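# Structural features, examined
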Amino acid sequence: MLDLKFIRNNLELVREMLSARRVELDLDEFTGLDNRRREILADYEALRHRRNVVSKEIGLLKKEGKDASSLQEEAKSIGPKIGRMEEELREVEAQLDALMYSIPNVPHSTVPLGETEEDNELVKIWGELPEFGFEPRPHWEVGEELKILDLKRAAKITGARFALYWGAGALLERALINFMLDLHTREHGYTETLPPFMVNSASMTSTGQLPKFADDLFKIDGWDFWLVPTGEVPVTNIHRDEVLSAEDLPLKYTAYTPCWRAEAGSHGRDVRGIVRQHQFNKVELVKFAHPDGSYNELEALLQDAEEVLIKLELPYRVVTLCTGDLGFAAAKTYDIEVWIPSQGVYREISSCSNFTDFQARRANVRFKGPGKSSSEYVHTLNGSGLAVGRTVVAILENHQQADGSVIVPHVLRPYMGGMEKIAV
RNA sequence: GGAGAGAUGGCCGAGUUGGCUUAAGGCGCUCGCCUGCUAAGCGAGUGUAGGGGCAAAAACCUCUACCGAGGGUUCGAAUCCCUCUCUCUCCGCCA
């Protein structure tokens, strides 16, 4: 969330930002609640002060064996007043909080203005689009014919939007996870973590999924546990309520996790294949950075994610999300989109964002420099490195052959027992 | 699931017959002194959030809250009572 004082002192800027993001929010309500809260608080604290003074006086009198009954009577009458004001205060603060939690992050100055994904800004295009000499088939046809992908049985086991992999398909998924983790830990300097795949409400609130986006999540019945929608949630919460040392920044973590998403509101989109699933695997990159260097860290993070596609010989492009397409907690986001031959479009395979201090304020992650008496919020960043299921899609489609087989990218072969080609 | 012990500032750790505790003391950190260098020593400072002084930023002053979380008792709670969470020990169950 944003800093209360920042909103108070930059109302116009916040108003413009909200409209650029196409978020309808009543900022006059903010001003009213903010003022009301401070009014009540002043009276409330004055009363508590009075009670503290009187109570202390009573203690002293009693110690001397003197009578304190008149003071005790006054103190007794203060209690209920404090109680009433507390209730009022709590109500106003709850409303103010709700409003604060619904205000998205302020976009960085380099983020293009725009309304939809049509307005995203192209940053770069990498790789040659494959020439097939035949009509490229969609990944579900390729996968089912090779008997490595089985969506029918997955639907029987669980339901729509789940996948069952067989043989070389399962191996391919596992190989990709290992390849990505190895690349990021050995060549890009990330520390591997393996976090819990369920998190509590506090963790979901820190990273911004709650309270606004509960509909997108799976909740465990009877527990305050949620299935993680992305590794970002457990990994960013590693340092919740901690004060880090400035010299340790940036901290760079990578994690493999499955991701679960309810995909509410996406009925009818990507119904075929495994582009949009309720459960998919992802290797995530997360950074805790010094505010001064966070945008450089974003460029580096993007490069780390791109490297995966380059090594897998998959053509892609990079776009900067415009203000209207930007996620709730992000100040700036690059999407990496991989080429999908059967559809003739680029599809998102990684999203790399700088959240500045938006998540850090919610999660209370700070750092302290040597010699500094006060601490500051860190900047958090994350990106997919990459979404594994969609990487499988890209490999099956881009590396498919006329005979129905699929060439295994060179870097993956050591992870697949030397297999060069997936064939029936 | 059963029995017991515990949770206090960046870290360690005292305080639990309710009131000179304004959370002792130590470590760490910062500044200063001392000093061929380093170490040690000496002195001072050092939690977070919010409100007000103050229109804005810093400094300062002041008030309020915070001793795992939430309630309660009381004029007054780190301290007493209740509920919950987590950690540790033992038992049970278990991959």
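Residues numbered from 1 in each chain as written. Chains lettered and ligands numbered in written order. Predicted model: local features only at pLDDT ≥ 70, side-chain atom pairs only at ≥ 80, totals over all residues. Heavy atoms only, no water.

### What about the sheet that holds strand E13 (residues 365-368)?
Through backbone hydrogen bonds, the strands of a sheet pair up, either in parallel or in antiparallel fashion. An order of E7-E13-E14 is seen for the 3 strands of this open sheet, with the pairing classed as mixed. Of all strands in the sheet, those with a lone pairing partner are strand E7 (242-245) and strand E14 (376-377), marking the two edges. As judged from the 4 bridges shared by E7 and E13, these two strands associate in the parallel manner. For Val-243, the partnering residue across the bridge sits in E13 and is Arg-366. (Pairing = 2+ DSSP bridges. Helix = DSSP H or I, 4+ residues; strand = E, 2+ residues; numbered from the N terminus.)

### A short note on the environment of Arg-161
Take Arg-161: it is sitting in the loop between helix H6 (151-157) and strand E3 (164-165). Separated by 101 residues in the primary sequence, Arg-161 and Ala-262 have C-alpha atoms spaced 9.8 Å apart. At 3.1 Å, the side chain of Arg-161 forms a polar contact with the backbone oxygen of Arg-276. (Polar contact = N/O pair within 3.5 Å; in protein donor to acceptor, adjacent residues only side chain to side chain.)

### Observations concerning the sheet that holds strand E15 (residues 379-387)
Reading across the sheet, the 8 strands line up as E1-E10-E11-E12-E15-E9-E8-E4 and stay open at both edges, with mixed pairing between neighbours. Here the strands that pair on one side only, and so sit at the sheet edges, are strand E1 (121-126) and strand E4 (191-193). Taken pair by pair, the neighbouring strands of this sheet meet at an average axis angle of 25 degrees, ignoring direction. The pairing of strand E8 (residues 251-260) with strand E9 (residues 279-289) spans 10 bridges and is classified as antiparallel. Bridging from a neighbouring strand, Trp-260 pairs with Gln-279 of E9. Helix H7 (residues 167-187) contacts E4, E8, E9 and E15 of the sheet and is inclined by roughly 10 degrees relative to E9. Across the sheet, helix H12 (residues 388-398) lies against E9, strand E11 (332-340), strand E12 (345-354) and E15, angled at about 40 degrees from E15, the strand it touches most. (Axes fitted to C-alpha atoms, helices over the stretch in contact; angles between N-to-C directions. Contact = heavy atoms within 4.5 Å.)

### Remarks on the pairing of E13
Across the two faces of E13 the burial differs, with Val-365 and Phe-367 buried and Arg-366 and Lys-368 not buried at all. Sheet topology places E13 next to E14; 2 bridges connect them, and they run antiparallel. Looking at E14, one finds that Phe-367 is bridged to Glu-376. (Buried < 20%, exposed > 50% of the residue type's maximum accessible area, 1.4 Å probe, protein only.)

### Considerations on the confidence of the model for chain A
Across chain A, pLDDT averages 92, with 99% of residues at or above 70. As a predicted assembly, this complex carries a pTM of 0.92 together with an ipTM value of 0.84. (pLDDT = per-residue confidence, 0-100.)

### Section: the side chain of Asp-335
Inspection of the secondary structure puts Asp-335 in strand E11. Here Asp-335 occupies a buried position and makes no salt bridge, while the nearest side chain of opposite charge, Arg-390, is found at 7.9 Å. Within polar-contact distance, the side chain of Asp-335 engages the side chain of Ser-351 at 2.8 Å. Beyond its immediate sequence surroundings of up to four residues, Asp-335 is in contact with Arg-317, Val-318, Val-319, Leu-321, Glu-348, Ser-350 and Ser-351. (Lys, Arg positive; Asp, Glu negative; His and termini not counted. Salt bridge = Lys/Arg side-chain N within 4 Å of Asp/Glu carboxyl O.)

### Considerations on the protein's contact with RNA strand B
In the region of RNA strand B, 24 residues are neighbours, and Arg-37, His-49, Ser-55, Ala-75 and Arg-90 sit closest. Counting only atoms of RNA strand B within 4 Å of the protein, the fraction found in sugar and phosphate groups is 75%. Arg-8 is positioned with one of its side-chain polar atoms (N or O) 3.0 Å from a phosphate oxygen of RNA strand B. Lys-76 is positioned with one of its side-chain polar atoms (N or O) 3.4 Å from a phosphate oxygen of RNA strand B. Those elements giving two or more residues to the surface near RNA strand B turn out to be helix H1 (4-9), helix H3 (27-63) and helix H4 (69-101). The dominant element in the surface near RNA strand B, judged by the number of residues it contributes, is H3, at 13 residues. Tallied by class, the residues present in the surface near RNA strand B amount to 3 nonpolar, 9 polar and 12 charged. (Near = heavy atom within 4 Å. Nonpolar A, V, L, I, M, F, W, Y, C, P; charged D, E, K, R; others polar.)

### Topic: a nonpolar patch on the surface
Taken together, the side chains of Met-198, Trp-223 and Phe-225 define a hydrophobic patch exposed on the protein surface, amounting to about 320 Å² of accessible area. Counting through the fold element by element, Phe-225 comes out in the loop between helix H8 (201-207) and strand E6 (226-227). (Patch = residues over 30% accessible without salt bridge, like charges linked within 9 Å, V, L, I, M, F, W, Y side chains within 5 Å. Areas by Shrake-Rupley, 256 points an atom, 1.4 Å probe, with all protein chains shown as cover.)

### Details of the pattern of salt bridges
Summed over the entire model, instances satisfying the criterion amount to 22 salt bridges. The closest approach of N and O atoms between Lys-287 and Glu-297, which form a salt bridge, is 2.7 Å. Residue Lys-287 is found in strand E9, and its partner Glu-297 is found in helix H10 (residues 294-311); the two are separated by 10 residues along the sequence. You'll find Lys-287 and Glu-297 in the same group, each marked buried. Between Glu-337 and Arg-317 there is a salt bridge; the shortest N-O distance is 2.6 Å. Of this pair, Glu-337 sits in strand E11 while Arg-317 is found in strand E10 (residues 316-320), placing the two residues 20 residues apart along the sequence. Residue Glu-337 is classed as buried on the basis of its relative accessible area, which comes to 11%. Sharing partners across several salt bridges, the network here consists of Glu-263, Asp-270, Arg-276 and Arg-347.

### Here's the deal with the packing of helix H2 (residues 11-20) against H3
Between H2 and H3, whose axes approach to 11 Å, the crossing angle comes to 145 degrees. For the pair H2 and H3, the crossing hand works out as right-handed. Within the contact between the two elements, H2 uses Leu-11, Val-14, Arg-15 and Leu-18 and H3 uses Leu-27, Asp-28, Phe-30 and Thr-31. Residues that form the contact of H2 with H3 fall into these classes: 5 nonpolar, 1 polar and 2 charged. (Left-handed = near helix turned anticlockwise from the far one by under 90°.)

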